[in-house]
Amino acid sequence: MASFRGKYVLVDFWASWCGPCRVENPNVVGAFNKYKDRNFTVLGVSLDDEERDGHKKWLAAIAKDHLTWTHVSDLKYWDNAVAKQYGIQAIPQNLLLDPSGKIVAKNIRGEDLQVKLAELIK
């Protein structure tokens, strides 16, 4: 997507039904709010499932957790195309991409996410 070119992007794999994902969301919100105007964004990739009323639960979780960045899902659960492309077999997981699209960190959570962003975004 053109809107992500030239930015640091946290690709965040999660789902509304994933307790550890939901616990981590406030940390991602904090990082997003701190760095969103400094060449950083988040792309949420949901592994929710249409057969489990996932679309409604996914949108409700986005609203409840105040996840104001871009979100995508094919609502195919573990058959999610992006998750399969990156070999994601458990969530929460994330990938931090640099402005050229290179993976510079994996599965950074909590304060580690803020530390890494502070290191990269001057």
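Source: prediction; values computed, not measured.

**Quick look at the packing of helix 1 (residues 19–35) against helix 4 (residues 110–120)**
So, step 1. Packing of helix 1 against helix 4 leaves a shortest axis separation of 9 Å and a crossing angle of 20°. What the angle tells us is that helix 1 and helix 4 run roughly parallel. Here the hand of the crossing between helix 1 and helix 4 comes out right-handed. On helix 4, the residues that touch E24, N27, V28, G30, A31, K34 and Y35 of helix 1 are G110, L113, Q114, L117 and A118.
So, step 2. When the residues that make up the contact of helix 1 with helix 4 are grouped by side-chain class, the tally is 6 nonpolar, 4 polar and 2 charged.

**Let's talk about the sheet that holds strand 5 (residues 103–106)**
So, step 1. A sheet is described by the order of its strands in space; here 5 strands give the open sequence 3-2-1-4-5, paired in mixed fashion. Two strands lie at the open edges of the sheet, namely strand 3 (70–72) and strand 5, each paired on one side alone. Recorded for the sheet is a direction-independent mean angle of 20° between the axes of neighbouring strands.
So, step 2. As defined by bridge partners, strand 2 (residues 40–46) adjoins strand 3 across 3 bridges and the pair is classed as parallel. Paired with G44 across the strands is H71, a residue of strand 3.

Definitions and cut-offs
- Residues numbered from 1 in each chain as written.
- Predicted model: local features only at pLDDT ≥ 70, side-chain atom pairs only at ≥ 80, totals over all residues.
- Heavy atoms only, no water.
- Axes fitted to C-alpha atoms, helices over the stretch in contact; angles between N-to-C directions.
- Helix = DSSP H or I, 4+ residues; strand = E, 2+ residues; numbered from the N terminus.
- Parallel < 35°, antiparallel > 145°, perpendicular 65-115°, else oblique.
- Left-handed = near helix turned anticlockwise from the far one by under 90°.
- Contact = heavy atoms within 4.5 Å.
- Nonpolar A, V, L, I, M, F, W, Y, C, P; charged D, E, K, R; others polar.
- Pairing = 2+ DSSP bridges.

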